[in-house]
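This is what each chain is made of:
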Amino acid sequence: MSKDHALLRYDALQEVVNIGGGHAATSLAKLIGRPIDMDVPFVELLTYEEVYANVQSDDTIVKVVLSELLGRQYGVFLFVIQPDEAEKLAQLLLPEHDQFSDELIDSSIKELSNILVQSFLQAVMSLINKPLIAALPQITTDLFGSILSSVYMQQEQYSNELIIIKNNFYSAGHKIEGSLYFVPKPEALELLLHQLGV
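Below or above, wherever it landed, is the structure these notes cover.

### Observations concerning the nonpolar core
Moving on, step 1. Judged by nonpolar contacts, the single largest core of 44 residues is most densely connected at F77, F79, I109, L112, F120, L121 and F169.
Moving on, step 2. Going through the elements one at a time, helix 2 (11-32), strand 2 (42-47), strand 4 (75-81), helix 4 (83-93), helix 5 (102-128), strand 6 (161-171), strand 7 (174-184) and helix 7 (188-195) are the ones with two or more residues in this core.
Moving on, step 3. No other element matches the 11 residues that helix 5 contributes to this core.
Moving on, step 4. Membership of the second largest hydrophobic core comes to 18 residues, among which are L66, V76, V151 and Y152.

### Notes on the packing of helix 2 against helix 5
Moving on, step 1. Taken N-terminus to C-terminus, the directions of helix 2 and helix 5 make an angle of 135°; their axes are 8 Å apart at the nearest point. Taken as axis vectors, helix 2 and helix 5 run oblique relative to one another. For the pair helix 2 and helix 5, the sense of crossing is right-handed. Contacts between helix 2 and helix 5 involve V16, V17, I19, G20, H23, A24, S27, L28 and L31 on the former and, on the latter, E111, L112, I115, L116, S119, F120, Q122, A123, V124 and L127.
Moving on, step 2. Across the contact of helix 2 with helix 5, the residue classes break down as 13 nonpolar, 5 polar and 1 charged.

### Notes on the pattern of salt bridges
Between side chains of opposite charge, a pair can form when the charged atoms approach closely.
Moving on, step 1. According to the stated counting rule, one finds 2 salt bridges in the structure shown.
Moving on, step 2. Here K63 ties to D106 by a salt bridge, and the two come within 2.9 Å at their closest N and O atoms. Pair noted here: K63 is in strand 3 (residues 61-68) and D106 is in helix 5, with a separation of 43 residues, a long-range link.
Moving on, step 3. In this structure K63 comes out as buried when scored by relative accessible area, which is 12%.
Moving on, step 4. Owing to a relative accessible area of 19%, D106 belongs among the buried residues under this scheme.

### Some remarks on the side chain of S119
Moving on, step 1. Relative to the helices and strands, S119 is located in helix 5.
Moving on, step 2. Accessibility expressed as a relative area gives 2% for S119, which makes it buried.
Moving on, step 3. Look past the residues within four positions of S119 in its chain and what remains in contact with it is G20, H23, A24 and S27.

### What about the packing of helix 4 against helix 5?
Moving on, step 1. As a packed pair, helix 4 and helix 5 sit with axes 9 Å apart at the nearest point and diverge in direction by 80°. Regarding the angle of helix 4 to helix 5, the classification is roughly perpendicular. Note on element contacts: helix 5 touches helix 4 through I105, S108, I109 and L112, opposite A86, E87, L89, A90 and L93.
Moving on, step 2. Tallied by class, residues from the contact of helix 4 with helix 5 come to 7 nonpolar, 1 polar and 1 charged.

Criteria and cut-off values
Residues numbered from 1 in each chain as written. Predicted model: local features only at pLDDT ≥ 70, side-chain atom pairs only at ≥ 80, totals over all residues. Heavy atoms only, no water. Core = buried A, V, L, I, M, F, W, Y, C linked by side-chain atoms within 4.5 Å. Buried < 20%, exposed > 50% of the residue type's maximum accessible area, 1.4 Å probe, protein only. Helix = DSSP H or I, 4+ residues; strand = E, 2+ residues; numbered from the N terminus. Axes fitted to C-alpha atoms, helices over the stretch in contact; angles between N-to-C directions. Parallel < 35°, antiparallel > 145°, perpendicular 65-115°, else oblique. Left-handed = near helix turned anticlockwise from the far one by under 90°. Contact = heavy atoms within 4.5 Å. Nonpolar A, V, L, I, M, F, W, Y, C, P; charged D, E, K, R; others polar. Salt bridge = Lys/Arg side-chain N within 4 Å of Asp/Glu carboxyl O.

Take a look at the structure:
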């Protein structure tokens, strides 16, 4: 399948991402007790080389939250954020704290990742009318390229293309920035698109 043709099929996923982003913004606003603004979210299909060149270099140290889908095992979500951005996120989510330990920062990242993943799953479930459940999130810190290649091998996914879901949120002038990646199991994406009626 050509990249252009594949991206046309992801119009359905774009709609899901729009719905999921709206759910996430609402949940975040309730969490921090302040209004949340959101850029229009998007989904893109990129090669490894495009990801490393345009999104995140493979030798960058990042914090990553992994959330694997259970049941049919569609795949795994990765929420990726740089350590300095992670601390800014903790400050935004927990303004009552003056100092942030690694544990507190990691907890904040996992909470945001969980909100994003669950919002996305709720959007999908509302369209396919089937339950989707993610396992408890796990967090790790390593080189971005090492984490990404390791996850792809674990998912038995050897395609050179990645699905990237991007949401940027703002509150009181502060930006919450991170990338949400979905690494599907082989044929899982085709199954999901079929269930979406594509």
